Amino acid sequence: MLRPWETQFWLDNSPGKTLHTKLLNTLIIDIKNGRLSPGSMLPGSRSLAEKLAVNRKTVQQVYEELEAQGWLTTRPRSGTFISETLPEYGLSNSVKELLNNANKTENTPGLVDDLYQDAVNIQPQLSSNNDGTPDSRLIPYELLARTYRKTCIEMHRHPISGYGDPRGTTELRESLAKMLSEDRFMNCSAEQICIVRGSQMGIYLASKILDPKKGAIVVEQLSYPPAQAAFESNGFSVIKCRLDHQGLDIDHLREILVCDSVAAIYITPHHQYPTTVNLPMERRLALLALSKEHNFAILEDDYDHEFHYQTNPIPPLASLPNSDNVVHIGSMSKVFSPDLRLGYIAADSLLIEEAAREIMLIDRQGNTITERVLSNLMESGEIKRHIRKARKHYEGRRNYTAQEFKRIFGDQVSFDIPTGGLAIWVDISQLINGRPLDDLPSNDSMLSTLFSTDQAAPTHLRFGFGALNETEITQSIEHLSQLLLETSD
């Protein structure tokens, strides 16, 4: 059987001056805080060394040292495991220092001026330029069908009468808790998870639970329009915070907090929508410190986490120090298909109970069969296998998209190759050259994701490559060049 998830490790902020010490202390911390549970299996020394880009001997020495101290145990021909009985002594001094100083953050360095303007959609998005949706042709339908059949037979043999838990099935919540722990560094239980019908429902529920009397909700200057619509429908005013080439401008957020009451901030830190940038660790820590200081919630939309192409993803906000106010919202829909309509909220148990009460009023519970199917796929390791295969396809399409933009447009457009996600953020300001939106052919779906202020010319275009093969990518970019080059004449 496949391992359900590959356990991830993050060494950048670990205490110690050498990689050996950093890895040693990271493992001890993860064992002490319960992220690595007794009896769980660690990656092999070779695979972990490759993932962390360290010498294999370093990993072997760390494993041997921790085994000698009683943290780990080795089983012949099976692997290295967390000991069932852990040592009684505490953390090393360097680890204690890390935990004691975790709340201390340095001010972020000087930030550049805004690069992006407010967003305006010329028309609804159409399939020819999908804005970053996954490719339904990659869905393993036969695997889904077999798992549905197996699950239905099991439920027939062991019927359960009555309605289920509005938070979702225990099986899926436990599978998600395991995934969040092993793959995303989060230490949460099944009681801290609520299943929803996609991330949009999670966003709506989270803001429904918050109190508009406590203040506005801050969003990134360019942000996900349906999220803003959900906040406004729940009675919140929305304040926009500037973006730069590294994401959310923390200095501008500080200015907002001085002038306005803020109930929450909504953010897509992993692959910012729509600009695709990844919020760096120092800004994540600064944001969490501000949340604790000013007592506002952070609605973390873990957008496109599965599709990250360069080394390990940065840990989510919900896994870092001062994350008590974080509401982590994710979706499993993109992994297989948006048709599954499965997402989740991970937060403190009180907020999850409130979410369950809201669900009782509008939906009662989710789709029990689909939830159990997804849990079976997660536990068998098939989800991980599919993500790995899909990630290779999407990384190849990202690289091909970048290649075709350079071939077709040359120096007339510019972009940074995104570290993940299913779209690329292209600067077209040189081509548009200040022309207003009215001069562009608004009936063409290729221009459905232009971004600008209400009065100014568009400056950027978000090009989704996820659902396009190489032939379709070339055709789409060539068609786009005809539209934009005609406009620039």
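Throughout, a residue's number is its position along its own chain's written sequence, starting from 1. Per-residue local features of the predicted model are confined to residues with pLDDT of at least 70, and side-chain atom pairs are confined, for both listing and counting, to 80 or more; whole-chain, interface and lining totals are unaffected and use all residues. The basis for the side-chain values is all heavy atoms of the structure; hydrogens and waters are excluded.

A. Quick look at the packing of aromatic side chains. Two rings from Phe, Tyr or Trp (for Trp, the six-membered ring) form a pair when their centres are within 6.5 Å of each other. A pair whose planes differ by under 30 degrees is stacked, one over 60 is edge-to-face, and the rest are tilted. Counted by the stated rule, this structure contains 7 aromatic pairs. Consider the rings of Phe 307 and Tyr 394, whose centres lie 5.0 Å apart with planes at 80°: the pair is edge-to-face. A residue pair is termed long-range when its members are at least 10 positions apart, and Phe 307 in the loop between strand 9 (297-301) and strand 10 (326-331) and Tyr 394 in helix 13 (residues 382-409) qualify at 87 residues. The same class applies to Phe 307 and to Tyr 394, which are both buried. Their ring planes at 20° and their centres at 5.7 Å tell us that Phe 405 and Phe 409 sit as a pair that is stacked. Here the residue Phe 405 and the residue Phe 409 both occupy positions in helix 13, the gap between them amounting to 4 residues, near one helical turn. The class of Phe 405 is buried, set by a relative accessible area of 1%. In this structure an aromatic cluster arises from ring pairing among Phe 405, Phe 409, Phe 415 and Phe 463. Sitting over the ring of Phe 81, Arg 75 keeps its end group 3.8 Å from the ring centre. Counting from the N terminus, the helices are the DSSP runs of H or I reaching at least four residues and the strands are the DSSP runs of E reaching at least two. Throughout, exposure labels follow a simple rule: accessible area from a 1.4 Å probe, protein chains only, divided by the maximum for the residue type, with under 20% read as buried, over 50% as exposed, and the rest as partly exposed. Two thresholds decide whether a charge sits over a ring: the Lys NZ or Arg CZ must be within 6 Å of the ring centre and within 35 degrees of the ring normal.

B. Looking closely at the layout of surface pockets. In this structure, the second largest pocket spans a volume of roughly 570 Å³. If you go around the second largest pocket, you meet 27 residues; those closest to its centre are Thr 133, Ser 199, Tyr 224, Tyr 303 and Lys 334. Mapped onto the lining of the second largest pocket, the elements with two or more residues apiece are helix 7 (199-209) and strand 10. Among the elements that make up the lining of the second largest pocket, the one with the highest residue count is strand 10 (3 residues). Put plainly, a pocket is an open set of points on a 1 Å grid over the protein atoms alone with protein on both sides within 12 Å along at least five of seven lines, a cavity is a set where a 1.4 Å probe fits but cannot get out, and a lining residue has an atom within 4 Å of a point. Grid points are joined across faces, edges and corners, and a volume is the space filled by probe spheres set on the points.

C. Representation of the environment of Tyr 394 in the model. Among the residues examined, Tyr 394 registers a relative accessible area of 2% and is labelled buried. The spacing of Tyr 394 and Gly 420 is 26 residues in sequence and 8.9 Å in space, taken between C-alpha atoms. Look past the residues within four positions of Tyr 394 in its chain and what remains in contact with it is Pro 134, Asp 135, Leu 138, Phe 307, Tyr 309, Leu 422, Phe 465 and Gly 466. We call two residues contacting when some pair of their heavy atoms lies within 4.5 Å.

D. Summary view of empty space enclosed by the protein. A full pass over the atoms with the stated rule returns 1 cavity of 30 Å³ or more. Its volume calculated, the largest cavity comes out at about 30 Å³. Taken together, His 271, Gln 272, Thr 276, Tyr 303, Asp 304, Gly 420, Gly 421, Leu 422, Ala 423 and Arg 462 form the lining of the largest cavity. For this classification, Asp, Glu, Lys and Arg are treated as charged, while Ala, Val, Leu, Ile, Met, Phe, Trp, Tyr, Cys and Pro are nonpolar and the rest, including Gly, are polar. Partitioned by chemical class, the residues of the lining of the largest cavity number 3 nonpolar, 5 polar and 2 charged.

E. Up close: the sheet that holds strand 11 (residues 343-346). Strand order in the open sheet made by the 7 strands is 3-11-10-9-8-4-5, with mixed pairing throughout. Looking along the sheet, the strands with just one partner apiece sit at the ends: strand 3 (193-196) and strand 5 (238-241). The average undirected angle you get between the axes of adjacent strands in this sheet is 20°. Both strand 3 and strand 11 contribute to a ladder of 4 bridges, which runs antiparallel. In the sheet register, Ile 193 faces strand 11, and the bridge partner there is Ala 346. Here helix 9 (residues 250-259) sits on the sheet in contact with strand 4 (216-220), strand 5 and strand 8 (262-267), set at roughly 150° to strand 5. Sitting on the sheet, helix 11 (residues 349-362) touches strand 3, strand 10 and strand 11, and the angle it makes with strand 3 is about 30°. One requirement defines pairing of two strands: DSSP has to find at least two bridges between them. The convention used is that axes are lines fitted to C-alpha atoms, helices contributing only their stretch in contact, and that angles between N-to-C directions extend from 0 to 180 degrees.

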